[in-house]
Amino acid sequence: MKTIYETSVAGREGCWPCEGMAEEAYIPKELLRDGDIGLPSASELDVVRHFTRLSQRNYGVDGNFYPLGSCTMKYNPKFTEVVAAMPGFTRLHPVLPQLQGAGGLCQGALEVMFETENLLSEITGMAAYTLHPMAGAHGELTGVMLMAAYHKDRGNKKTKIIVPDSAHGTNPASAAIAGYDVITVESVDGIVSPDALAEVLDDDVAGMMMTCPNTLGLFERNLPTIVKMLRKVDALLYYDGANLNAIMGKMRVGDVGFDIVHWNLHKTMATPHGGGGPGSGPVGVSEKLVPFLPISRVAKQEDGRFFLDYNYPKSIGYVAPFYGNFGVYLKAYAYMLRLGGLGLTRASENAVLAANYMRKRLSTHFEIPFNRICMHEFVASASAQAKKGVRALDFAKGLLDKGHHAPTIYFPLIVPEALMIEPTETENKETLDQFIDDLIELAELVDTNPAALTSAPVTLPVTRLDETKAARSMELTDDL
Amino acid sequence: MPYVPHTEDEVREMLAVIGVDSVEDLFAEITEDMRPQSFDLPEGLSEMEVLSKLEAMAAKNTINSVSFLGAGFYDHYIPAAVDALTMRGEFYTAYTPYQPEASQGTLQAIFEYQTGVTRLLGMEYANASVYDGGTALYEALMMAVRKTKRRKVIVSEALNPIYRVMLDSYTSNLDIEFVTVPHKDGLTDIPGLKAALDTDTAALLVQNPNFFGSINDFTELFAAAKAVKAVSIISSYPVLQTLLKTPGAMGADIAVAEGQSLGLPLSFGGPYLGIMTCNKEMIRQMPGRIVGRTEDSEGRTGYVLTLQAREQHIRRQKATSNICSNQSLCALRALVHMCALGELGLKRAARISVERAHICAERLTAIPGVKMLTKGAFGNEFAVILPVNAYEVIAKLTERGFVPGFPLGRYFDGLENGLLVACTEKTSEEQIGIFAEMLRGALK
């Protein structure tokens, strides 16, 4: 399909905000750019057709089952979009509450922030939250910065952060970017074992980053012991909230001893992922870390009015220009109000139910390395099929042909030929069964017609793409 | 239960397949000592009830006031096509394009976005992942530190102070030394910046137009940075960039921008978009998602995520950044916005904004005691010095539904009387007239 630049016709006009055009009399010529920019010249209909066609070359949750492990691609209800589009929210300039007298102009928005923080605190059992981090990975970085501030304040000299080998790649990256050495602890039987932890734990450890359930879909049974071990060396425990969808109402991370937690609100609280963001990554902390939270913080006066409080001398400062991705957490807030406590619990229960149902049914045709009760996702392996020349990647492509998005196949790194499947609670049983039947049918092709898999997909706008060529030729923009 | 389709019969069937008696059995590993000590949440509401609650909260925000607030975040007109196209479920409810064959829409859109912003800024390459203009600046700085293996960073004080405080936070645990070169009455001190450059310098950070609105040509300064092998980083304002000499033409190594003004509503601070572009030498240091053009097995053109070896999901702690997927939809909005307005429309928006700001400056400085702070050329934003503290004026006018601008005293000692005023194509001449009269009245 041609790019919008290739279809551009010089002189064709789109829409512009208003008539009338000032001369560039206000800026001296030597400060102006030369020549055209090279942006498209297209009619509005040209633009509408182009992007409509582009959209049709995409899989989204509204059209396809998306069992992408660790990504929690559940259905995003539509009414939250109505909320996020209310002019009372979209038209607010973020500097307003920082101006004397203008805080009164945005009490509703400040209330949303205050109430959202309260709900997140109650769901996770944390003392306080910041909504500033703009994505899960940004929440991780904020969390690690909080660890650093805590230790610095106590005069602790700590240089290391422990990360399990099953962790998302963002964990070690966040720890390293904040200036720490990353120490990997290897999983034993799919989870962190106290013995393995003891081998790497010492006084230099600032903290440990955990995901629970982890990326194998397994619950970290040893949590209470792990918490005790970390406390002994004054190391903090960080909870990666990517998999929070499994445990709402079943466990609160604050109650079991985590000091810091981030949410991926776009996952657990069902705001659309937008083809790769924007997300929202609020961070909650236990009491001892509250003084270090980013500024500003929203607070409530005795008269019920909300204001921004900057008076936190130990704060790590600013991780965002304002208060995070307001438009995103606004949707999450509306979603939490809609579901309530019971609805959130049911969401987790049904996500776990669906995952176990799929695991059990697929275990007849695929190796399941840790084939026990899982949480909201599980990892199957195509290693047996790979010996016959059909890899996890081929199953992924075969599933695309069947109209499903593929599971996660690029990690966890500790399972060869991984197919990490997360059905979520919003998919009906027919969809789950269809996917299972289709995947089993593909597995049966391994012996009869493997080429049907290795040459998939054939039903999509393109067949398999040459990634090596893309990296080599580095064609990253249209030529002018 | 909302959004959970399973009937009781289906739940029973599924439990039977799994081989357990109840849903609670699935959570047996969460032992009693790990169960919640509280889960005191409100009862769920109907969709109608939630909407009416949120409508009431939205109504507590005043949006019919007239605002001259900018400070890097501007209220530009967004064509209706932007919402209509980017809200399509196929874009909106998709994930990061890990399966390129099923994500050609998102991938081609990112490729077109990369093309658009590199042309706008006159640079060679772009990514589509960064949260906002401030984090883009921080990521640019880290690119320079990695590339040069140096630790000194020279920053112009005329760079948006909101970004400067973010840089301080992000680097507080890292071995980086900032040398801040003060502004000179609102001007970027180019000779001062030049004098600060040396062979220990990793990066030079400037902004155009600077925070006070004044427009510069940094060509010579960037050449001086190049001479000591320091990386030149410029933060710019994309709408005005349709008119101004580009970062590329000035010789910048990395150009970043806040993309909010390209089709994203102000929305109380986010989501916004960090535009990040660089020249050829810097591409392997660039964080985040980058899309490349390639072919499929039948020779057809297609798009994939590329240069992924820099990324956290492969390199883990050795990655260029922890940035994962992000801001893709915001990038799509910026692209559709640029296409819907087109080359001409975007330029017109910029020109009219500039014109309105000049009219506004003229009207305000006609008031006794009000003087321009911004010297020389400026675009759609400028700073004035009032005869009184700007906060007082803001408080007075805000009461009457007018937000006159940003108080410079918030970040700059000695500029307590300074007011930063922004106009866009949405600012009418009538509003400017009323603003001038109200300010005149407030200063009497």
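In short, a report on the structure.

The rules behind each value
Residues numbered from 1 in each chain as written. Chains lettered and ligands numbered in written order. Predicted model: local features only at pLDDT ≥ 70, side-chain atom pairs only at ≥ 80, totals over all residues. Heavy atoms only, no water. Helix = DSSP H or I, 4+ residues; strand = E, 2+ residues; numbered from the N terminus. Buried < 20%, exposed > 50% of the residue type's maximum accessible area, 1.4 Å probe, protein only. Contact = heavy atoms within 4.5 Å. Areas by Shrake-Rupley, 256 points an atom, 1.4 Å probe, with all protein chains shown as cover. Lys, Arg positive; Asp, Glu negative; His and termini not counted. Charge placed at Lys NZ, Arg CZ, Asp CG, Glu CD. Core = buried A, V, L, I, M, F, W, Y, C linked by side-chain atoms within 4.5 Å. Buried area = accessible area lost by both parts, 1.4 Å probe. Salt bridge = Lys/Arg side-chain N within 4 Å of Asp/Glu carboxyl O. Polar contact = N/O pair within 3.5 Å; in protein donor to acceptor, adjacent residues only side chain to side chain. Phe/Tyr/Trp six-rings, centres within 6.5 Å; stacked < 30°, edge-to-face > 60°. Lys NZ or Arg CZ within 6 Å of the ring centre and 35° of its normal. 1 Å grid on protein atoms, 1.4 Å probe; cavity = no way out; pocket = protein on both sides within 12 Å on 5 of 7 lines; lining within 4 Å. Points joined across faces, edges and corners; volume = space filled by probe spheres on them. Nonpolar A, V, L, I, M, F, W, Y, C, P; charged D, E, K, R; others polar. Pairing = 2+ DSSP bridges. Axes fitted to C-alpha atoms, helices over the stretch in contact; angles between N-to-C directions.

A word on the overall build of chain B
Thinking step 1. Helix and strand counts for chain B come out as 14 helices and 15 strands.
Thinking step 2. For chain B, the spread of C-alpha atoms along the principal axes amounts to about 85 × 55 × 50 Å.
Thinking step 3. Looking at chain B as a whole, 67% of its 444 residues are labelled buried.
Thinking step 4. Residue pairs in contact within chain B that sit at least 24 positions apart in sequence constitute 72% of those at least 6 positions apart.
Thinking step 5. As displayed, chain B has an accessible area near 14,400 Å², and 50% of this comes from carbon and sulfur atoms.
Thinking step 6. Each charge sign in chain B was given a centre, from 41 positive and 52 negative side chains, and these centres are 11 Å apart.

A closer look at the nonpolar core
Thinking step 1. Ranked by internal contacts, the top residues of the largest apolar core, which has 329 residues, are A:Phe51, A:Phe395 and B:Leu54.
Thinking step 2. The element contributing the most residues to this core is helix H11 (residues 326-362) of chain A, with 19 residues.
Thinking step 3. The residues touching A:Phe51, leaving out its near neighbours within four places in the chain, are A:Ile4, B:Leu85, B:Phe91, B:Glu112, B:Leu332, B:Leu335, B:Val336 and B:Cys339.

As for the interface of chain B and chain A
It is common to give the size of an interface as the accessible area lost on bringing the parts into contact.
Thinking step 1. Each partner contributes to the interface: chain B provides 180 residues, whereas chain A provides 210 residues.
Thinking step 2. When the buried area of chain B at its contact with chain A is split by residue, B:Tyr3, B:Arg119 and B:Phe268 rank highest and sum to 6% of it.
Thinking step 3. Summed over the shared surface of chain B and chain A, the result is 7 salt bridges.
Thinking step 4. Here B:Arg293 and A:Asp478 are joined by a salt bridge, their closest N and O atoms 2.7 Å apart.
Thinking step 5. Taken together, the connections running from chain B to chain A amount to 86 residue pairs in polar contact (both at pLDDT 80 or more).
Thinking step 6. Top element by residues in the side of chain B that touches chain A is helix H12 (residues 328-365) of chain B. It accounts for 23 residues.

Quick word on the packing of aromatic side chains
Thinking step 1. Considering all chains together, one arrives at 29 aromatic pairs over all chains under this definition.
Thinking step 2. Here B:Tyr138 and B:Tyr170 contribute two aromatic rings whose centre-to-centre distance is 4.4 Å and whose plane-to-plane angle is 20°, an arrangement assigned as stacked. One end of the pair, B:Tyr138, is in helix H6 (residues 133-148); the other, B:Tyr170, is in helix H7 (residues 161-170), and 32 residues separate them in sequence.
Thinking step 3. Judged by its relative accessible area of 3%, B:Tyr138 falls in the buried class.
Thinking step 4. On the basis of relative accessible area, B:Tyr170 is assigned to the buried category, the value being 5%.
Thinking step 5. Aromatic ring contacts, followed pair by pair, group A:Phe89, A:Phe322, A:Tyr323, A:Phe326, A:Tyr329, B:Phe73, B:Tyr163, B:Phe268 and B:Tyr272 into a single cluster.
Thinking step 6. Here B:Arg119 stacks its cationic end above the ring of A:Tyr5, 4.6 Å away from the centre of that ring.
Thinking step 7. Lying across the ring of A:Tyr310, B:Arg410 places its NZ or CZ 5.2 Å from the centre.

Focus on the layout of surface pockets
To find the voids left in a structure, one rolls a probe of water-molecule size over its atoms.
Thinking step 1. Within this model, the second largest pocket holds a volume of roughly 720 Å³.
Thinking step 2. Forming the boundary of the second largest pocket are 45 residues, of which A:Phe411, B:Tyr98, B:Gln312, B:His313 and B:Cys324 lie nearest the centre.
Thinking step 3. For the lining of the second largest pocket, the per-class residue count stands at 22 nonpolar, 19 polar and 4 charged.

Some remarks on empty space enclosed by the protein
Residues and elements named next belong to chain B.
Thinking step 1. Evaluation of the coordinates by the stated rule reveals 10 cavities of 30 Å³ or more.
Thinking step 2. The calculated volume of the largest cavity comes to roughly 210 Å³.
Thinking step 3. Lining the largest cavity are 21 residues, and of these Gly-72, Tyr-74, Gln-207, Pro-209 and Tyr-237 sit closest to its centre.
Thinking step 4. When grouped by side-chain class, the residues that make up the lining of the largest cavity number 8 nonpolar, 11 polar and 2 charged.
Thinking step 5. A volume near 60 Å³ is recorded for the second largest cavity.
Thinking step 6. Among the elements that line the lining of the second largest cavity, the one with the most residues is H12, at 4 residues.
Thinking step 7. Classifying every residue of the lining of the second largest cavity by side-chain character gives 6 nonpolar, 3 polar and no charged.

Here we look at the pattern of salt bridges
Thinking step 1. With the rule as written, the count across this model stands at 44 salt bridges over all chains.
Thinking step 2. For A:Lys74, the salt bridge goes to A:Glu425, with nearest N and O atoms at 2.8 Å. On the criterion of sequence distance, the pair formed by A:Lys74 in the loop between helix H1 (44-55) and helix H2 (79-84) and A:Glu425 in the loop between strand E11 (418-421) and helix H14 (429-448) is long-range, its members being 351 residues apart.
Thinking step 3. Residue A:Lys74 is classed as buried on the basis of its relative accessible area, which comes to 1%.
Thinking step 4. Take A:Glu425: its relative accessible area is 1%, and that puts it in the buried class.
Thinking step 5. A salt bridge links B:Asp75 to B:Lys426; its shortest N-O distance comes to 3.0 Å. Within this pair, whereas B:Asp75 is found in the loop between strand E1 (66-67) and helix H3 (80-86), its partner B:Lys426 is found in the loop between strand E15 (418-422) and helix H14 (429-443), the two being separated by 351 residues in sequence.
Thinking step 6. Taken together, the salt bridges that share partners define one network made up of A:Lys250, A:Arg346, A:Glu349, B:Glu24 and B:Arg35.

Section: the side chain of B:Arg119
Thinking step 1. Position of B:Arg119 relative to the elements: it lies in helix H5 (residues 104-121).
Thinking step 2. One buried charge, B:Arg119, has no salt-bridge partner; the nearest side chain with opposite charge is A:Asp478, at 5.2 Å.
Thinking step 3. Residues in contact with B:Arg119, not counting those within four places in the same chain, are A:Tyr5, A:Arg33, A:Ile37, A:Gly38, A:Asp478, A:Asp479 and A:Leu480.

Side note on the sheet that holds strand E5 (residues 201-208) of chain B
Residues and elements named next belong to chain B.
Thinking step 1. Pairing within the open sheet is mixed, and its 7 strands lie in the order E2-E8-E7-E6-E5-E3-E4. The open sheet has two edge strands with one neighbour each: strand E2 (125-126) and strand E4 (177-181).
Thinking step 2. Where E2 meets strand E8 (residues 274-278), 2 bridges bridge the pair, whose relative direction is antiparallel. Within E8, the residue paired with Tyr-125 across the bridge is Cys-278.
Thinking step 3. Docked against the sheet, H7 engages strand E3 (152-156), E4, E5, strand E6 (231-236) and strand E7 (254-258), running at close to 160° with respect to E4.

Spatial relationships are all this shows, so hold off on functional conclusions.
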